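Observations on chain architecture
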Amino acid sequence: MLQFAIRQLIWVPITLLLVITVTFFVLRLTGDPATLYLDATATPEQLDILRRQLGLDKPLIVQYGRFLGDILTLDFGHSLQFQAPAINIVIGRLGATFVLIVASLFLSLVLGLVGGLVSAIYKDRAADVAISTFAVVGQSMPSFWLGILLVQLFSLQLGWLPTSGTGGWLHLVLPATTLAAFITPNLILITRTAVLEASAEQFVTTAKAKGLGPIYILVRHILPNAMNPIISFFGMQVGRLVGGSVVTETIFAWPGIGRLMIGAVYQRDVPVVVATVTVTCLAIILANLVVSLMLAAADPRIKLN
C-alpha cells in the first residue's frame, strides 16, 4: 500500500503540470493580460510599457517558462482585487470551503446510508417506494433551485435560519443541506443496490441457515461487502462537490474558494484564478488517493498494483 501511495504521489506533479498548462493557455486566449491592469483610458504607449514590465513582449513559450518558474516557488502573482499575493488569498478561503464540504459529506453519508439501508430492508414496501421516489426526484433537482427554496422557506418565511454569510453553526445548515442534496439521492440508490446484491450472496444464505440474527448478518456480513461501491462513489464525488460548492457558496455568500473563483473570473483576476484552480486540482487528486487507500483497507481482495 505504501508503494502504491508513493507511485500515485509521483503522478501528482505531472497532473498539476497538465492542469496549469491548460489554464495558462486558456487564459492567454481570453485576451491581453496587460489590459487587466489598466483601465479603458490607457494609451497604447502605457500598454507597451506594462507588457515589457510583465514580460508579455516575449514569445509565448518564454512566458510559459517564466510562468512555470513562478508556480514552482508558489508565486501565483499579485491579486488585482485584493492587492495581495494570490496564494495567500486562496489559502485564507480554504478553511470555509473545507468546513462546508466536510459538513455536506457527513450529512449526505448519514442520510444516504440510512435511507439506502431502510429502502433495502423494506424492499418493495411503502418505505422503499417513498425513499426511492425521493431519491429519483432529488437527482433531477438543480442545487441552485433547492438553495433558493430553502432560503425562501426557512429564512424568509419561518425565520429559523440566516439567509447567508458566516457566523454560528446555524449559518452552515442551509449551505450544507443544499450541497449534501447534490449527492445524497445517488448515495441512497447506490447503498440500496449494494445491500440488496450483498444480501443475495451465498454466504448470507449460509449465515441465515446457521440461525444468526438479522442484525448480526447485516452488520457482520452484508455491510462490509456492500461498502466498496459506496466508498468508490464518495471518491468520485469530491470533484463534484467542489464544483457544486461554487454555486452553493454564491447563493449563500459563503466565503470559500468557490465564490472566490467566481468573483475572480468576473473581475478577470488571473492570479487568483490560477491559484484557485491549482489548489482545487491538488485537493481532488489527494482525495482520490485517500479513497483508493480506504478501498484497499476495507477489502483485502483489492490489490494496489
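Residues numbered from 1 in each chain as written. Predicted model: local features only at pLDDT ≥ 70, side-chain atom pairs only at ≥ 80, totals over all residues. Heavy atoms only, no water.

The next point concerns the overall build of the protein chain. Within the protein chain, the regular secondary structure consists of 13 helices and 0 strands. Secondary structure elements of the protein chain occur, N-terminal to C-terminal, as α-α-α-α-α-α-α-α-α-α-α-α-α. Burial status across the protein chain gives 38% buried among its 305 residues. Considering only contacts in the protein chain between residues 6 or more positions apart, those separated by 24 or more positions represent 73%. Of the accessible surface of the protein chain, which amounts to about 16900 Å², a share of 69% is contributed by carbon and sulfur atoms. (Helix = DSSP H or I, 4+ residues; strand = E, 2+ residues; numbered from the N terminus. Buried < 20%, exposed > 50% of the residue type's maximum accessible area, 1.4 Å probe, protein only. Contact = heavy atoms within 4.5 Å. Areas by Shrake-Rupley, 256 points an atom, 1.4 Å probe, with all protein chains shown as cover.)

We now examine the packing of helix H5 (residues 86-121) against helix H6 (residues 126-139). It is at 7 Å that the axes of H5 and H6 come closest, and there the two elements cross at 140 degrees. On the basis of their axis angle, the class for H5 and H6 is oblique. Two packed elements cross with a definite hand, and for H5 against H6 that hand is left-handed. Along the contact surface, H5 presents Gly115, Val118 and Ser119, while H6 presents Ala127, Asp128, Ile131 and Ser132. Class assignment for the residues of the contact of H5 with H6 results in 3 nonpolar, 3 polar and 1 charged. (Axes fitted to C-alpha atoms, helices over the stretch in contact; angles between N-to-C directions. Parallel < 35°, antiparallel > 145°, perpendicular 65-115°, else oblique. Left-handed = near helix turned anticlockwise from the far one by under 90°. Nonpolar A, V, L, I, M, F, W, Y, C, P; charged D, E, K, R; others polar.)

Under the defined criterion, the tally for this structure stands at 1 salt bridge. We note a salt bridge from arginine 192 to aspartate 128, for which the minimum N-O separation is 2.9 Å. Remark: aspartate 128 occurs in helix H6 and arginine 192 occurs in helix H9 (residues 184-199); sequence separation between them is 64 residues. The residues arginine 192 and aspartate 128 share a single accessibility class, namely buried. (Salt bridge = Lys/Arg side-chain N within 4 Å of Asp/Glu carboxyl O.)

With that settled, consider the packing of helix H7 (residues 143-157) against helix H8 (residues 170-180). Geometrically, a packed helix pair is captured by the angle between its two axes and the distance between the axes. It is at 9 Å that the axes of H7 and H8 come closest, and there the two elements cross at 150 degrees. Between H7 and H8, the angle falls in the class roughly antiparallel. Remark: the crossing between H7 and H8 carries right-handed chirality. Contact with H7, carried on its side by Ser143, Leu146, Gly147, Leu150, Val151, Phe154 and Ser155, involves Leu174, Thr177 and Thr178 of H8 and no other residues of that element.

Right, let's get into the confidence of the model for the protein chain. Here the protein chain averages 79 in pLDDT, and 88% of its residues register 70 or above. For the protein chain, the element scoring lowest by mean pLDDT is helix H2 (residues 34-37), at 66; H5 scores highest, at 87. (pLDDT = per-residue confidence, 0-100.)

Core analysis: the largest hydrophobic core is formed by 20 residues, its most contacted members being Phe67, Ile71, Phe76, Val90 and Val274. Contributions of two or more residues to this core are made by helix H1 (2-29), helix H4 (60-72), H5, helix H12 (257-267) and helix H13 (270-298). The element best represented in this core is H13, accounting for 5 residues. Residues in contact with phenylalanine 76, not counting those within four places in the same chain, are Ile71, Ala86, Ile87, Pro271, Val274, Ala275 and Thr278. Counting 14 residues, the second-largest nonpolar core is a separate cluster that includes Ala96, Ile101, Ala176 and Ile230. (Core = buried A, V, L, I, M, F, W, Y, C linked by side-chain atoms within 4.5 Å.)

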